[in-house]
Amino acid sequence: MTFKTKLRWSDVTPQALFLNRRQIMSGGAALLASPALGKSPYSTDDAPNTFEEIAGYNNYYEFGTAKEDPAAYAGTLTTHPWTVQVDGLVDKPGTYDLGDLISGMTMEERIYRFRCVEAWSMIIPWQGFQLSSLLNKLGVQAGAKYVAFETLVRPEEMPGQQNNILDWPYVEGLRLDEAMHPLTLIATGLYGQPLPNQNGAPIRLVVPWKYGFKNIKAIVRISLTDTQPASTWNKMAPQEYGFYANVNPQVDHPRWSQASERRIGAGILAGRQDTLMFNGYGDDVASLYAGMDLAANY
Ligand code: MTE
């Protein structure tokens, strides 16, 4: 795909990416991230990557396929006002203004390991709230078994959507018990600032024991379903990307190994490190998959 202008990351002031003027004026910024939050006990002790690494090396095909494209092109996405459609097997369906949807949620900071399926990793200080508290507020009905998510479709602001590189909208899903797990976060900020657009503003999913592609950005729809929802990369290449996408060093991607990873920013001398089962969150989540064949359910 081609883009008219090519901004370098260093050409863009970070502050312009953190906050858009209307968010500041409406007080939305205060709602979306609070620098004073304490570190959650769910956090890793690993040192976080820098803001520039986290916001400068992204996968977000709505803005291009290169890692620098989202930082260069996502800045102009309008994220205010923002509405989220809630539907399916839920007590309180509707189209919510984002502020109303997330009001009452307990915001926290969690420093999570992030493992991309491309075998690199980062440590990211997210701010957000547990997806479970939002689902409890909305009222999950008895028959619900899965949660499906959809990203915004707005080709005039998301130039990647002018091509069919993926089937738009980007969609993802979780089993209900995965969605209700305390590690599963809806992020609204990082490094104490509202999410940069390239990281999925204004709200995105963060599921730290799964490969990065499960972490859907710019969510505009949340549906409670009784059947397993489609997920974008699974539709594109089912033999390469499964629905579960749990980080698993023993199950290789068909075209490369998942046994080790390269920590972004660590430098060549640091070398590669062993990938941990469930990205190191096995004590918390392995029980969700008891009795399942994780080579078949990859
Ligand atoms: N969400 C949308 N809507 N579009 C995308 O292309 N890419 C996914 C995921 N969420 C993607 C998306 C992939 S492949 C990864 S690795 C992560 O976002 C990257 O998140 P990050 O850029 O914040 O590190």
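Rules behind the numbers
- Residues numbered from 1 in each chain as written.
- Predicted model: local features only at pLDDT ≥ 70, side-chain atom pairs only at ≥ 80, totals over all residues.
- Heavy atoms only, no water.
- Salt bridge = Lys/Arg side-chain N within 4 Å of Asp/Glu carboxyl O.
- Buried < 20%, exposed > 50% of the residue type's maximum accessible area, 1.4 Å probe, protein only.
- Helix = DSSP H or I, 4+ residues; strand = E, 2+ residues; numbered from the N terminus.
- Near = heavy atom within 4 Å.
- Areas by Shrake-Rupley, 256 points an atom, 1.4 Å probe, with all protein chains shown as cover.
- Nonpolar A, V, L, I, M, F, W, Y, C, P; charged D, E, K, R; others polar.
- Pairing = 2+ DSSP bridges.
- Axes fitted to C-alpha atoms, helices over the stretch in contact; angles between N-to-C directions.
- Core = buried A, V, L, I, M, F, W, Y, C linked by side-chain atoms within 4.5 Å.
- Contact = heavy atoms within 4.5 Å.

Once that is clear, we can look at the pattern of salt bridges. In a structure, side chains of opposite charge can pair up when their charged atoms sit close to one another. The final tally for this structure, using the stated rule, is 13 salt bridges. Of the charged contacts in the structure, one is a salt bridge between Arg263 and Glu261, with a shortest N-O distance of 4.0 Å. Like Glu261, Arg263 is buried. A cluster of three or more residues bridged by salt bridges with shared partners is formed by Asp46, Arg115, Glu261 and Arg263.

A separate point is the environment of Thr79. Residue position: Thr79 is located in the loop between helix H5 (69-73) and strand E1 (83-88). Through-space distance from the C-alpha of Thr79 to that of Ala218 is 8.5 Å; in sequence the pair is 139 residues apart.

Moving on: the site of the ligand. Around the ligand lies a shell of 16 residues, among which Asn58, Tyr61, Glu62, Asn215 and Lys217 are the nearest. Starting from 540 Å² of accessible surface for the ligand in isolation, the protein chains cover 98%. Across the shell around the ligand, the residue classes break down as seven nonpolar, six polar and three charged.

As a further point, take the sheet that holds E1. One open sheet holds the five strands; their spatial order is E2-E1-E10-E5-E6, and the pairing between them is mixed. The open sheet is flanked by strand E2 (94-97) and strand E6 (171-175), the only strands paired with a single partner. For this sheet the average axis-to-axis angle between neighbouring strands, irrespective of direction, equals 20°. Examined bridge by bridge, E1 and strand E10 (residues 219-225) share four bridges and lie parallel to one another. Counted as the bridge partner of Val86 is Ile222 from E10.

The buried fraction of E6 is high, at five of five residues. On E6, burial covers both faces: Val171, Gly173 and Arg175 on one face and Glu172 and Leu174 on the other are all buried. Where strand E5 (residues 146-151) meets E6, five bridges bridge the pair, whose relative direction is antiparallel. Across the sheet, Tyr146 pairs through a bridge with Arg175, a residue of E6.

With that out of the way, let us pick up the nonpolar core. Counting residues in hydrophobic clusters, the biggest one holds 79 residues, and the most contacted among them are Leu101, Trp126, Leu131, Phe149, Leu205 and Trp209. In terms of residues, this core owes the most to one element, strand E4 (residues 120-130), which gives five residues.

The next point concerns the environment of Phe243. Checked against the element boundaries, Phe243 lands in the loop between helix H9 (232-236) and strand E11 (260-263). Between the C-alpha atom of Phe243 and that of Lys214, which follows or precedes it by 29 residues, the distance is 8.6 Å. In contact with Phe243, not counting residues within four places along its chain, are Tyr146, Gly173, Leu174, Arg175, Lys214, Gln228, Pro229, Ser231, Asn234 and Tyr298.

A few words now on unusual backbone geometry. Along the chain, His80 connects to Pro81 via a cis peptide bond; the corresponding omega equals 0°. Mapped onto the elements, Pro81 comes out in the loop between H5 and E1. Omega for the bond connecting Ala201 with Pro202 falls within 30 degrees of zero, at 0°, which places this linkage in the cis form. With respect to the helices, strands and loops of the structure, Pro202 is situated in the loop between strand E8 (193-194) and strand E9 (204-206). The phi dihedral of Asn279 falls on the positive side, at around 60°, and the residue is not glycine. Considering the arrangement of structural elements, one finds Asn279 in the loop between strand E12 (273-274) and helix H10 (282-285). Judged by relative accessible area, which is 2%, Asn279 ranks as buried.

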